[in-house]
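So the chains spell out like this:
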Amino acid sequence: MSSDTPTAGAAGHDRHVLEMGESHFAGPDRPSWDLYATCVHCGLCLNHCPTYRALGMEMDSPRGRIYQVLQVDAGRLPIGDSFVTHIDRCLDCRACETACPSGVQYGHIVERARAQIEQHYKRPWPARLVRSIFFRHVLGNPVRVATTARLLRLYQRSGAQRLARASGLLRLLGMSEVEALQPTIDDHFFFDQIGKVFPAEGELRARVALHAGCIASVAFSALNHATIRVLTKNGVEVWVPPGQNCCGALQAHAGFREEARRLARENIAAMLDDRFDAIVTNAAGCGSTLKDYGDLLHEDARHERAEAFAGKVKDVTEFLQHLGLRQPTRTLNLKAAYQDPCHLAHGQRVRSEPRDLLRRIGLKLEEMPNADQCCGSAGSYNVTQNELSMKILDAKMKDIATTSAELIVTANVGCMLQLRAGMKRIGRLTPVKHVVEVLDECY
Ligand code: SF4
Ligand code: SF4
């Protein structure tokens, strides 16, 4: 333990600790006592935490963070720079939840703490401005997402990107690592497909609503099309309901819970319909938040509808595996390694389904060490905490390098981008693909 280790067990299991001082937290996003009380301070989560492993400090471990959140809630610690630093450094990967024998819902604690930070802490004005533009005004507004994507595409295609990279300007500004993580913007955005219905091939086995995603709609349209092809080949009628919007995951993770709630209400109104057997997503990060709408809207009048919506959400891999995959027309005779996206493995407890699907198409799966440890992508974390993210990515690439995989497969677009950047960092050409892309190749 480091010198800034909090006194072990100081939080105690006494609800009155919250009544001893004036809390720095308020409102609907104040964590409930039950969230803290499940932590028994055993420390079994510590070595599963990527930031604790990278930094070796209790304050950057799950137990240390829970302790700090409780102290701030109890009025014993201010919402100051130190607290914000340690909470910002958390990946919200929820590996600690999987490791915890006591059932601590760590994700709910950290996301509520971030909401409190957003309301009560004044970040430096450039950070406030950028966060407000991105989380409040761009994400969650398809027109602005498309406009921003067009500007980025202009930068990528006009030669400006080549010039910025070759001139050393990005390095001078300390932005070369972050800039290299941006996705290539599509020629045609998936927003055009919203409102369409794609008929099932052969006997109708199910009808689903596809959540298309916001960034996925401008940078991963091909993945959404592949998802539709694989589903329809498997006898699934796919609707892309109008009125749907961004899932709100990035906003919820960053503390913008009011914005996330607005999006949740829009998605529920657009997609909760008895006609659909499931609401399907191909993004683990989105799926985890869509399945958590009940908690996000726990004080909302439409809470029951939020729970019903959450109960219908399925990751595309779990949906296909439970439906039963129709025999594809070809198989892939390759050695592959599967990287668990955190929000699929830890957030949704979906681990075997993607692996089973990959085996069905002939891939020889080789388990990498720590396959369910975060790659450092974590939403916008690789931008906001770039240095630490790259350290975590380098550890992941070392694990991948121990395998003889000819293909790396995952189930989340953020992980794909991060792992591709990791391949470049170690000078390897091993392709990184989404489970659905690999399935699509076999039909
Ligand atoms: S969510 Fe991930 S980074 Fe955050 S405390 Fe838990 S294991 Fe550590
Ligand atoms: S494993 Fe669970 S109970 Fe133990 S310290 Fe970590 S969060 Fe608390």
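From a predicted model like this one, the values you see are computed outputs, not experimental measurements. (Residues numbered from 1 in each chain as written. Chains lettered and ligands numbered in written order. Predicted model: local features only at pLDDT ≥ 70, side-chain atom pairs only at ≥ 80, totals over all residues. Heavy atoms only, no water.)

Draft legend 1. Structural context of the domain arrangement of the protein. Each domain of the protein was delimited in the assignment, giving domain 1 (17-120), domain 2 (125-179), domain 3 (190-321) and domain 4 (328-441). Both faces combined, the contact of domain 2 with domain 3 buries some 1000 Å², and carbon together with sulfur accounts for 71% of it. Considering only the surface of domain 2 that becomes buried against domain 3, F135, L139 and G140 emerge as the three largest contributors, covering 47% of it. Taken together, domain 2 and domain 3 are joined by one salt bridge. (Domains from an automatic or database assignment. Buried area = accessible area lost by both parts, 1.4 Å probe. Salt bridge = Lys/Arg side-chain N within 4 Å of Asp/Glu carboxyl O.)

Draft legend 2. Local environment of the sheet that holds strand β2 (residues 206-210). Across the sheet, five strands lie side by side as β1-β3-β2-β4-β5; this open sheet has mixed pairing. Looking along the sheet, the strands with just one partner apiece sit at the ends: β1 (197-198) and β5 (313-315). Sitting on the sheet, helix α19 (residues 316-323) is in contact with β2, β3 (236-239), β4 (278-281) and β5, with an inclination near 90° to β5. (Pairing = 2+ DSSP bridges. Helix = DSSP H or I, 4+ residues; strand = E, 2+ residues; numbered from the N terminus. Contact = heavy atoms within 4.5 Å. Axes fitted to C-alpha atoms, helices over the stretch in contact; angles between N-to-C directions.)

Draft legend 3. Inspection of the site of ligand 2 at higher detail. Neighbouring ligand 2 are 13 residues; C39, C42, G43, C45 and C100 lie closest to it. According to the grid-proximity analysis, the pocket containing ligand 2 is the largest cavity. A breakdown of the residues in the shell around ligand 2 according to their chemical character gives nine nonpolar, three polar and one charged. (Near = heavy atom within 4 Å. 1 Å grid on protein atoms, 1.4 Å probe; cavity = no way out; pocket = protein on both sides within 12 Å on 5 of 7 lines; lining within 4 Å. Sits in = over half its atoms within 2 Å of the grid points. Nonpolar A, V, L, I, M, F, W, Y, C, P; charged D, E, K, R; others polar.)

Draft legend 4. Seen up close, the sheet that holds strand β8 (residues 407-410). Within the open sheet, the four strands sit side by side as β7-β6-β8-β9. Their pairing is parallel. The open sheet has two edge strands, β7 (364-365) and β9 (432-434), and neither has a second partner. Of the pairings in the sheet, the one linking strand β6 (residues 335-338) to β8 comprises three bridges and is parallel in character. Across the sheet, the residue bridging to A336 is L407, located in β8.

Draft legend 5. Focus on the site of ligand 1. As a matter of local geometry, ligand 1 sits amid 13 residues, with C49, C90, C93, R94 and C96 nearest to it. Elements that contribute at least two residues to the shell around ligand 1 include exactly α2 (50-55), α3 (62-73) and α5 (95-99). Class assignment of the residues belonging to the shell around ligand 1 gives a composition of nine nonpolar, one polar and three charged.

Draft legend 6. Geometry of the packing of aromatic side chains. This structure, assessed with the given rule, holds five aromatic pairs. Seen in terms of ring centroids, W239 and F276 are 5.6 Å apart; in terms of plane orientation they differ by 70°. Their pairing is edge-to-face. Taken as a pair, W239 in strand β3 and F276 in the loop between α15 (257-271) and β4 lie far apart in primary sequence, 37 residues in all. Ring-pair connections join several aromatic residues into one group, and the members of that group are F134, F135 and F256. (Phe/Tyr/Trp six-rings, centres within 6.5 Å; stacked < 30°, edge-to-face > 60°.)

Draft legend 7. Broad picture of the pattern of salt bridges. Tallied over the full model, the rule gives 31 salt bridges. A salt bridge links R355 to E367; its shortest N-O distance comes to 2.6 Å. Of this pair, R355 sits in helix α21 (residues 352-360) while E367 sits in the loop between β7 and α22 (381-384), and the two are twelve residues apart along the sequence. Overall, R355 belongs to the buried group, its relative accessible area being 10%. (Buried < 20%, exposed > 50% of the residue type's maximum accessible area, 1.4 Å probe, protein only.)

Draft legend 8. Geometry of empty space enclosed by the protein. Applying the stated criterion across every chain yields a total of five cavities of 30 Å³ or more. Around the largest cavity, the lining comprises 15 residues; the ones closest to its centre are C39, C45, I66, C100 and V104. Of all elements in the fold, only α3 and α5 reach the threshold of two or more residues within the lining of the largest cavity. With three residues, α3 is the largest single contributor of residues to the lining of the largest cavity. Tallied by class, residues from the lining of the largest cavity come to ten nonpolar, three polar and two charged. (Points joined across faces, edges and corners; volume = space filled by probe spheres on them.)

Draft legend 9. Representation of the packing of α19 against α21 within the structure. At a closest axis distance of 8 Å, the pairing of α19 and α21 adopts a crossing angle of 60°. Relative to α21, the element α19 is oriented oblique. Considering only the axes of α19 and α21, their crossing is left-handed. Seen from α19, the contacting residues are T317, E318, L320, Q321 and H322; seen from α21, they are E353, P354, D356 and L357. Tallied by class, the residues present in the contact of α19 with α21 amount to three nonpolar, three polar and three charged. (Parallel < 35°, antiparallel > 145°, perpendicular 65-115°, else oblique. Left-handed = near helix turned anticlockwise from the far one by under 90°.)

Draft legend 10. Quick peek at helix α18 (residues 303-312). Those residues of α18 that sit buried are A306, F309, A310 and K312. All buried residues of α18 project into a common sector of 160° when viewed along the axis, lining one side. Opposite its buried face, α18 presents the exposed residues E304 and G311, each directed more than 90 degrees away. Packed against the buried residues of α18 are α15, β4, α16 (284-290), α17 (293-296) and β5. (Arc of directions from axis to C-beta.)

Draft legend 11. How the structure looks around α21. Inspection of α21 places E353, P354, R355, L357 and L358 among the buried residues, and these make up the whole buried set. Next to the buried residues of α21 lie α19, β6, α20 (342-345), β7, β8 and α25 (435-441). Positioned one or two residues after α21, G362 has a phi angle of 95°, which is positive.

Draft legend 12. Summary view of the side chain of D300. Checked against the element boundaries, D300 lands in the loop between α17 and α18. Owing to a relative accessible area of 13%, D300 belongs among the buried residues under this scheme.

Draft legend 13. Here's a closer look at the side chain of R261. Its place among the elements puts R261 in helix α15. Within the local environment of R261, its side chain forms a polar contact with the backbone oxygen of L296, the two atoms lying 3.3 Å apart. (Polar contact = N/O pair within 3.5 Å; in protein donor to acceptor, adjacent residues only side chain to side chain.)

Draft legend 14. A look at unusual backbone geometry. Unlike most non-glycine residues, R349 shows phi in positive territory, near 55°. Residue position: R349 is located in the loop between α20 and α21. The backbone of A378 sits at a positive phi, close to 50°, despite the residue not being glycine. Within the element layout of this structure, A378 appears in the loop between β7 and α22. Looking at A378, the relative accessible area reads 24%, which means it is partly exposed.

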